[in-house]
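These are the residues of each chain, in order.
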Amino acid sequence: MLSALVLGLYITAVLCDSETVLVLGGQGLAGSATLTALLESNFQVSALNDDRNFYDYHELFHDKIESIVCVRPAGLDGCFELQNFLKTNQNKVKAIVDFTSSSKELMEEAVRILAPLNPEVYIFVSAAAVYDVSDNPKQPLKESDAVRPEDPTLRAQYSETNEFGHKMLGSEEALVASGLPYVILRCGDLIGPRDTTYRWWQYQVWSEHFDIIQAAFPVPGEFEHLTFSLTYGADLAAAVVSVINKRVINEVYNIAMEKTFTLPHYLLELCIYFGNGESCWADYSATIQSYSLYPSNHMGLMSTEHAKVDLDFQPSSWEDVLRDTVTYYEKARHNHTKERDIVLSKLNENVVPYLRVEKLNEAVLKPAEKVVDITSSRPEVNKIEL
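Along each chain, the written sequence defines residue order, and numbers are assigned to residues from 1. pLDDT decides what is reported in this predicted model: residues at 70 or higher carry local features, side-chain atom pairs at 80 or more are listed and counted, and totals for whole chains, interfaces and linings draw on all residues regardless. For side-chain calculations, the full set of non-hydrogen atoms in the structure is used, while hydrogens and water are omitted.

Peer 1: Please set out the side chain of Asn 162 residue by residue, giving values where relevant.
Peer 2: To qualify as a helix, a DSSP run of H or I must reach at least 4 residues; to qualify as a strand, a run of E must reach at least 2; elements of each kind are numbered from the N terminus. Inspection of the secondary structure puts Asn 162 in the loop between helix H6 (152-161) and helix H7 (163-178). The definition of a polar contact used here is a pair of N or O atoms within 3.5 Å, where within protein one atom must be able to donate a hydrogen and the other to accept one, and adjacent residues in sequence count solely through side-chain atom pairs. Of note is the side chain of Asn 162, whose polar atom sits 2.8 Å from the side chain of Asp 132. We call two residues contacting when some pair of their heavy atoms lies within 4.5 Å. With near-sequence residues (within four places) excluded, Asn 162 lies in contact with Ala 129, Asp 132, Val 133 and Ser 296.

Structure follows, in structure tokens:
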């Protein structure tokens, strides 16, 4: 009888001491890595998203997290499941991790509705593109460099040329102004498994089957010597966990890998991995509107010294990231056929010359599977070595 009472008290204590993290988003590259890291750190996780199944999202998380189904663009006010969550979790949420508030308006809505949860920290995952709309940032980019120009004409010009950076910086500004304890994590171009932009996977197929595709990588002149930072999804996830565990608030951190790239360098690394280092080539006469997938920020490298000091941030090595990411997408050809077909469709539509489409599909797909019927009008191009 006594032992049962002790056990009951123990269970009650554990439940009362549980720590819930609310994640907005979570289905993509960085989100799924973060959900995994939070679960491995023994947090209870609730994820608010539209519950679409990208890659193996449902298989990984459906019985491990609480799902709050909401369509974010439709607005959080009318989300019935969120209203129930708010009623039962006031003062019980340790942290909020936000992957979805990609504009000032969305952030203002989120903090207005979620403030009653009284989280210890509101973590917003932002992007290096905020430096593209900032006033004279220095190299390498430091967190304090993300400041808009005072000149309204220049500010409007920057906002127009980089709408994404303008909106992300607006989100950051709205979060800081909200008064909630915050941490902002700024990422370079995200790489890793479960990428829903399909950029890495497209370049991987292109590099692996360059002998079939025979289409140059477009490298706009502006990108030929432009260095940029990449962020590995698992590294971002580790930074999120570190922020929560170390109880950091009211700080901004750049999160990126040590190794930096130009676009030709990155493409050459992929080609060398597949043994095509001597046969790949690039078209340096390409325009900025061409089919070049990286980088999405154009102000250069990010310094991660602040994160290393405060968060003990230790980015993964390029060798490990390259091997693990390539291996994931090699397996995904057969494990995630919906996403694979999207990748092939994008390449066949934008890159692959018409007469080579069928041969590429045969090389990538299993023999018994139907060829993706996407044609292309891409012309042959002249060789320019990487």
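Peer 1: I'd love a proper account of the pairing of strand E2 (residues 44-49), names of residues and values included.
Peer 2: Buried means the residue's accessible area, taken with a 1.4 Å probe over protein chains only, is under 20% of the maximum for its type, while exposed means over 50%, and partly exposed covers the values in between. Of all six residues in E2, five are buried, a share of seventy percent or more. When DSSP finds two or more bridges between a pair of strands, those strands are recorded as paired. The pairing of strand E1 (residues 20-24) with E2 spans five bridges and is classified as parallel. Note on E2: the bridge partner recorded for Leu 22 is Ser 46. Remark: the E1/helix H2 (residues 29-40)/E2 crossover connection has right-handed handedness. Of the pairings in the sheet, the one linking E2 to strand E3 (residues 66-69) comprises four bridges and is parallel in character. For Leu 48, the partnering residue across the bridge sits in E3 and is Ile 68. Seen with its strands pointing away from the viewer, a crossover is right-handed if its path from the first strand over the helix to the second goes clockwise.

Peer 1: Go over empty space enclosed by the protein with me, naming the residues and quoting the values.
Peer 2: Of the two site types, the cavity is a set of points on a 1 Å grid over the protein atoms alone where a 1.4 Å probe fits but cannot get out, and the pocket is an open set with protein on both sides within 12 Å along at least five of seven lines, each lined by residues with an atom within 4 Å of a point. Grid points are joined across faces, edges and corners, and a volume is the space filled by probe spheres set on the points. Using the criterion set out here, one finds one cavity of 30 Å³ or more in the structure. The calculated volume of the largest cavity comes to roughly 40 Å³. As for the largest cavity, its lining consists of Lys 94, Ala 95, Glu 120, Val 121, Val 243, Ile 244, Arg 247, Val 248 and Ile 249. Of all the elements in the fold, those that place two or more residues in the lining of the largest cavity are strand E4 (93-98) and helix H10 (233-246). By the convention adopted, Pro, Cys, Tyr, Trp, Phe, Met, Ile, Leu, Val and Ala count as nonpolar, Lys, Arg, Asp and Glu as charged, and the other residues, Gly among them, as polar. Broken down by class, the residue content of the lining of the largest cavity amounts to six nonpolar, no polar and three charged.

Peer 1: So what's going on with the packing of aromatic side chains? Which residues, and what values?
Peer 2: Think of it this way: a Phe, Tyr or Trp ring, Trp meaning its six-membered ring, pairs with another when their centres are within 6.5 Å, and the plane angle makes it stacked under 30 degrees, edge-to-face over 60, tilted otherwise. Applying the stated criterion to the full structure yields 19 aromatic pairs. Relative to Phe 217, the ring of Tyr 203 lies with its centre 6.0 Å away and its plane at 70°, an arrangement referred to as edge-to-face. With Tyr 203 in helix H8 (residues 199-208) and Phe 217 in strand E8 (residues 217-218), this residue pair connects regions lying 14 residues apart in the sequence. Phe 217 carries the same exposure label as Tyr 203, and that label is buried. Centre to centre, the rings of Tyr 266 and Tyr 294 are 5.2 Å apart; their planes meet at 90°, and the pair counts as edge-to-face. With Tyr 266 in helix H11 (residues 263-273) and Tyr 294 in the loop between strand E11 (282-283) and helix H12 (305-311), this pair connects stretches of sequence that are 28 residues apart. Linked through ring pairs, Trp 200, Tyr 203, Trp 206, Phe 210, Phe 217, Phe 261, Tyr 266, Trp 281, Tyr 294 and Trp 318 together constitute an aromatic cluster.

Peer 1: Talk me through the state of the cysteines; I want residue IDs and the actual numbers.
Peer 2: Pairs of cysteine sulfur atoms within 2.5 Å are identified as disulfides in what follows. Evaluation of the coordinates by the stated rule reveals two disulfides. Note that Cys 70 is cross-linked by a disulfide to Cys 79, the S-S spacing being 1.6 Å. Here the disulfide of Cys 70 and Cys 79 is left-handed, its torsion about the S-S bond being about -55°. Cys 79 matches Cys 70 in its accessibility class, with the two residues each being buried. Each disulfide pairs two cysteine sulfurs, and for Cys 271 the partner residue is Cys 280, the sulfurs being separated by 2.1 Å. The chirality of the disulfide connecting Cys 271 with Cys 280 is left-handed, given an S-S dihedral of about -100°. The residues Cys 271 and Cys 280 share a single accessibility class, namely buried. The connectivity of the disulfide-linked cysteines in the chain, indexed sequentially, is 1-2, 3-4.

Peer 1: Give me the lowdown on the pairing of strand E6 (residues 182-187), citing residues and values where you can.
Peer 2: Judged by how many residues are buried, E6 sits mostly within the fold: six of six residues are covered. In E6, alternate side chains face the same way, and those of Tyr 182, Ile 184 and Arg 186 on one face and Val 183, Leu 185 and Cys 187 on the other are all buried. With five bridges joining them, E6 and strand E10 (residues 251-255) adopt parallel strand pairing. Among the inter-strand pairings, Cys 187 is bridged to a residue of E10, identified as Ile 255.

Peer 1: If you had to explain the nonpolar core to someone new, which residues and values would you point to?
Peer 2: As used here, the term nonpolar core means buried Ala, Val, Leu, Ile, Met, Phe, Trp, Tyr and Cys residues forming a set that is joined through side-chain atoms within 4.5 Å. Ranked by size, the top nonpolar core spans 52 residues in total, and within it Trp 200, Tyr 203, Trp 206 and Tyr 266 carry the most contacts. Counting residues per element, the ones that place at least two in this core are H8, helix H9 (210-213), strand E9 (230-232), H11, helix H13 (318-335), helix H14 (337-350) and helix H15 (357-364). Setting aside anything within four residues of it in sequence, one finds Trp 206 in contact with Ile 213, Ala 215, Ala 216, Phe 217, Pro 218, Tyr 291, Leu 347 and Val 351. Formed by 39 residues, the second largest nonpolar core is a distinct cluster that contains Leu 24, Leu 117, Leu 169 and Leu 175.

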